[in-house]
There are 2 protein chains.
Amino acid sequence: MASEDQGTDLLWGPRQKPARAPRLALTVDRIAGAAIEVADAEGMASVSMQQVAARLDVTKMALYRHVSSKAELVAVMIESAVGEPPNLRTVPGGWRPRLITWADLMRRTWRRHPWLPAATTGERMTGPREVGWTESAVAALGDTGLDGGERMDAVFLLSGHIRNTESAATAGTQPWTAEKQLRDILRDHRERFPALHEATMSTAGTVRDNGWEFGLNRILDGLEVLIEGRRPERTS
Amino acid sequence: MASEDQGTDLLWGPRQKPARAPRLALTVDRIAGAAIEVADAEGMASVSMQQVAARLDVTKMALYRHVSSKAELVAVMIESAVGEPPNLRTVPGGWRPRLITWADLMRRTWRRHPWLPAATTGERMTGPREVGWTESAVAALGDTGLDGGERMDAVFLLSGHIRNTESAATAGTQPWTAEKQLRDILRDHRERFPALHEATMSTAGTVRDNGWEFGLNRILDGLEVLIEGRRPERTS
DNA sequence: TACACCCAGTGTCCATCGGACACTCAAGTA
DNA sequence: TACTTGAGTGTCCGATGGACACTGGGTGTA
C-alpha cells in the first residue's frame, strides 16, 4: 500500500520504528478469535481466510501454518464460541426444568453468535464441547424412562427448535418469518391465501419471538405426555 | 475447445451439420430444470452459473438474459421443486390427520430434492407455491381454537422439524446424527460423555430416521395438549 | 426488396474465493 | 561460524458471481 512512502522514510527520514511492529505470535486461539470477531460483526459469509488474516495483520497463507483448511478454522470457531457445556445436575425439579435451563443457555449462546446456525449446517467436524452440550441434555433425561434412542431424538428435537428459531431470527429462513415481506405479499394476495392472511393480520403489532416459547412448550408438553404415559401406573 | 478442428472440418470436410445444432430456445423453466438436475445429482454446492449453463450447452452469461442473479435462479429452482401445495380439505379426521398428511407430503418432496434444506436457508425471495404450502397447513388448524400467532408458530414448529430431520439426513447437521463418526468419538471418550455413550450404544443396529417419527409425535401431542385444554370444558 | 433495429447469446474482463508450493529470513543449535 | 528449522510471504491456479460491450440472425417497416 504505502511501500513507496515507507521506502522514502527509510532512506531520508529518521528511523522511528522497526519497519514491522513486533507482533504477537500467531496461535490457533488468536486466529479463532479474529474469525469470530469477523463473523459476529459481518456474518459468516464474510469469514474468508483473507479477511481473518487481514484482521491479524498477516498474510492469509500464514493461517495455514496453524489450521489445515477453512473447514478446520470454522470447526475451531465453533468450539470456541459454544463455550463449556453447562452442568445441570444442580437444577432442581427433574427433567423439565433442566431441559428448559439447557435450552435457555444454548439459546443465549447462539444469540451471542448469530452465525452459529449457518456455521453448523452441513458436513463438518465436531468438537468435544459441542458433544458436551449434547451429553448434558441427554443426561438430563436420564431418569425419565425413555430409552437411549428416544433420549437422543428428544435432544435433537429440542436443539433443532433452537436452530430453527435462531436462524430464522437473523434471516428469513421460512417465508412466514420475514414479517414485513410476507405481510406485503399477503395484502396483495389475500384471496389466494385467506387462512394465512387472517392469521398474519391478527398478529400485527405483536412482539414475535419466531415461535420460540410456543415451540418449546409444545415440545416439552409432548415429551411429558410420553414420559407420564410410560411411567408405571400408580393411582389410575 | 475444438475450434481448430471445426475450422478444418468447415474448410475440407463435408458440411455435415449446421455448425451448431438448432437448439431449443432458452427459457426460465428450462434453466430451472437444468439447475434442479445439477442439484439433485451433485448437491447445491455444484449449482453454479457455469455448471447450469454447460448442461444447457450455453454460455453462463446467456442465463442472465432470463434470471437477474444467482439468487433468482435459486428462487426459481425452489418454486419449481416444491410443486403445487396440497389440498387438505378432503382429509377426514380433523387437524391432526391433516397435519400428518401435510408433513408427510412435504417430507416426500424434500426427500426428492435433498438440496432444499440448504437452498431455503438464509435471506431469500419467497414464491407463491412456497407460501401456498404454509397456507395449506395454517388452514388445517382453522377450527382448533388456536389464535393466529399460535397457528403460525405451530406450522413453523412442524416445518422446522422437517427441515432439521431432512438436512440431517443428507449431512451431519447435528453431532449425534453423524452416526459412525459420533460412535467412534464416544468409544474413545466414554468416560467424558457417559450418558451419551450409553444412549448411543443402546441404539446400535437400530434403523434411524433422525428422529422424524419421534419428533412428529411429540409435536402433535404437544399441540393436542394445548388444543384440548383450550376447548370449552364439557364433561370434567 | 432493402435496411435498420432488436435482442438472445457470446467473449472478455474483474475481484474474490480456497488452496498449492516454493521462497525468505531470523533464531537456535552444533 | 555454519547449518537447520519453521513461521510468515509471494505468486500462482482454477472456480466463483457478475459487468459490459459486442455480434449475428431474424423481423418489421419503408
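Residues numbered from 1 in each chain as written. Chains lettered and ligands numbered in written order. Predicted model: local features only at pLDDT ≥ 70, side-chain atom pairs only at ≥ 80, totals over all residues. Heavy atoms only, no water.

Caption draft 1: Geometry of the overall build of chain A. Each helix and strand in chain A was counted, giving 12 helices and zero strands. Starting at the N terminus and walking to the C terminus, you meet the elements of chain A as α-α-α-α-α-α-α-α-α-α-α-α. Every one of the 236 residues in chain A was classed for burial, and the buried ones make up 47%. For chain A, the share of sequence-separated contacts (at least 6 apart) that also reach a separation of at least 24 residues comes to 68%. When the accessible surface of chain A is split by element, carbon and sulfur atoms take 52% of a total near 12300 Å². (Helix = DSSP H or I, 4+ residues; strand = E, 2+ residues; numbered from the N terminus. Buried < 20%, exposed > 50% of the residue type's maximum accessible area, 1.4 Å probe, protein only. Contact = heavy atoms within 4.5 Å. Areas by Shrake-Rupley, 256 points an atom, 1.4 Å probe, with all protein chains shown as cover.)

Caption draft 2: Quick peek at the protein's contact with DNA strand C. Close to DNA strand C lie 17 residues; Gln50, Lys60 and Lys70 of chain A together with Met61 and Arg65 of chain B are nearest. Backbone atoms, meaning sugar and phosphate, make up 47% of the atoms of DNA strand C lying within 4 Å of the protein. Within the backbone of Leu26 of chain B, an N or O atom sits 3.5 Å from a phosphate oxygen of DNA strand C. Side-chain polar atom of His66 of chain B to a phosphate oxygen of DNA strand C: 2.9 Å apart, as the coordinates give it. Taken together, the elements giving at least two residues each to the surface near DNA strand C come down to helix 3 (49–55) and helix 4 (60–63) of chain A together with helix 4 (60–63) of chain B. Tallied by class, the residues present in the surface near DNA strand C amount to eight nonpolar, five polar and four charged. (Near = heavy atom within 4 Å. Polar contact = N/O pair within 3.5 Å; in protein donor to acceptor, adjacent residues only side chain to side chain. Nonpolar A, V, L, I, M, F, W, Y, C, P; charged D, E, K, R; others polar.)

Caption draft 3: Quick peek at the relation of the copies chain B and chain A. Mapping chain B onto chain A leaves a residual RMSD of 0.1 Å; the transformation is a rotation of 180° accompanied by 0.0 Å of translation along its axis. Expressed as a symmetry operation, the mapping of one chain copy onto the other fits a two-fold axis. Proximity to the rotation axis, assessed at the C-alpha, singles out Gly222 of chain B in chain B; its C-alpha lies 2.0 Å from the axis. When the interface residues of chain B are mapped onto chain A, 99% of them are again interface residues, pointing to one common binding face. (Least-squares fit on C-alpha atoms with pLDDT ≥ 70 in both.)

Caption draft 4: Geometry of the pattern of salt bridges. All names here are of chain A. Within this structure, the stated rule accounts for 28 salt bridges over all chains. Across the pair Arg231 and Glu228 runs a salt bridge, and its minimum N-O distance is 3.7 Å. Exposure remark for Arg231: the relative accessible area of 38% places this residue in the partly exposed category. Salt bridges sharing common partners tie together Arg96, Arg218, Asp221 and Glu224. (Salt bridge = Lys/Arg side-chain N within 4 Å of Asp/Glu carboxyl O.)

Caption draft 5: Structural context of unusual backbone geometry. Even without being glycine, Asn210 of chain A reaches a positive phi, approximately 60°. The exposure class of Asn210 of chain A is buried, given its relative accessible area of 16%.

Caption draft 6: Here's a closer look at the side chain of Glu79 of chain B. Residues and elements named next belong to chain B. Position of Glu79 among the secondary structure elements: in helix 5 (residues 70–82). Comment: no salt bridge for buried Glu79; closest opposite-charge side chain is Arg129, at 5.0 Å. The contact partners of Glu79, leaving out residues within four places of it in the chain, are Gly127, Pro128, Arg129 and Glu130. (Lys, Arg positive; Asp, Glu negative; His and termini not counted.)

Caption draft 7: Spatial organisation of the interface of chain B and chain A. The interface of chain B with chain A comprises 67 residues on the first partner and 66 residues on the second. In this assembly, chain B packs against chain A so that about 5500 Å² is buried in total across both faces, 65% of it on carbon and sulfur atoms. At the junction of chain B with chain A, the criterion picks out two salt bridges. Between Arg151 of chain B and Glu198 of chain A there is a salt bridge, and its shortest N-O distance comes to 3.4 Å. Taken together, chain B and chain A are joined by eight residue pairs in polar contact (both at pLDDT 80 or more). Of the residues forming the side of chain B that touches chain A, the biggest block, 18 residues, is contributed by helix 9 (residues 148–170) of chain B. When the residues that make up the side of chain B that touches chain A are grouped by side-chain class, the tally is 27 nonpolar, 27 polar and 13 charged. (Buried area = accessible area lost by both parts, 1.4 Å probe.)

Caption draft 8: Summary view of the packing of helix 6 (residues 95–112) of chain A against helix 12 (residues 212–230) of chain A. All names here are of chain A. Packing of helix 6 against helix 12 brings their axes to within 11 Å, and their N-to-C directions diverge by 150°. Judged by the inter-axis angle, helix 6 sits roughly antiparallel to helix 12. Crossing hand, helix 6 versus helix 12: right-handed. Taking contact as the criterion, the partners of Trp95, Arg96, Leu99, Ile100, Ala103 and Arg107 in helix 6 are, on helix 12, Trp212, Leu216, Asn217, Leu220, Asp221, Leu223, Glu224 and Ile227. Residue composition of the contact of helix 6 with helix 12, by class: nine nonpolar, one polar and four charged. (Axes fitted to C-alpha atoms, helices over the stretch in contact; angles between N-to-C directions. Parallel < 35°, antiparallel > 145°, perpendicular 65-115°, else oblique. Left-handed = near helix turned anticlockwise from the far one by under 90°.)

Caption draft 9: The protein's contact with DNA strand D, seen in detail. Taken together, 18 residues sit near DNA strand D, with Thr59, Met61 and Arg65 of chain A together with Lys60 and Lys70 of chain B positioned nearest. A distance of 2.8 Å separates a phosphate oxygen of DNA strand D from a polar backbone atom of Thr59 of chain A. Between DNA strand D and His66 of chain A, the relevant distance is 3.0 Å, taken from a phosphate oxygen to a side-chain nitrogen or oxygen of the residue. Those elements that provide at least two residues to the surface near DNA strand D are helix 4 of chain A together with helix 3 (49–55) and helix 4 of chain B. Class assignment for the residues of the surface near DNA strand D results in eight nonpolar, five polar and five charged.

Caption draft 10: The arrangement of helix 5 (residues 70–82) of chain A in detail. All names here are of chain A. Over its 13 residues, helix 5 extends 18 Å from the first C-alpha to the last, a length consistent with the 18 Å expected when each residue adds 1.5 Å. Of the residues making up helix 5, those classed as buried are Leu73, Val74, Ala75, Met77, Ile78, Glu79, Ala81 and Val82. Taken together, the buried residues of helix 5 touch helix 2 (28–42), helix 3, helix 6, helix 7 (116–119) and helix 8 (128–140). Immediately beyond the C-terminal end of helix 5, within one or two residues, lies Gly83, with a positive phi of roughly 75°. (Expected span 1.5 Å × (residues − 1).)

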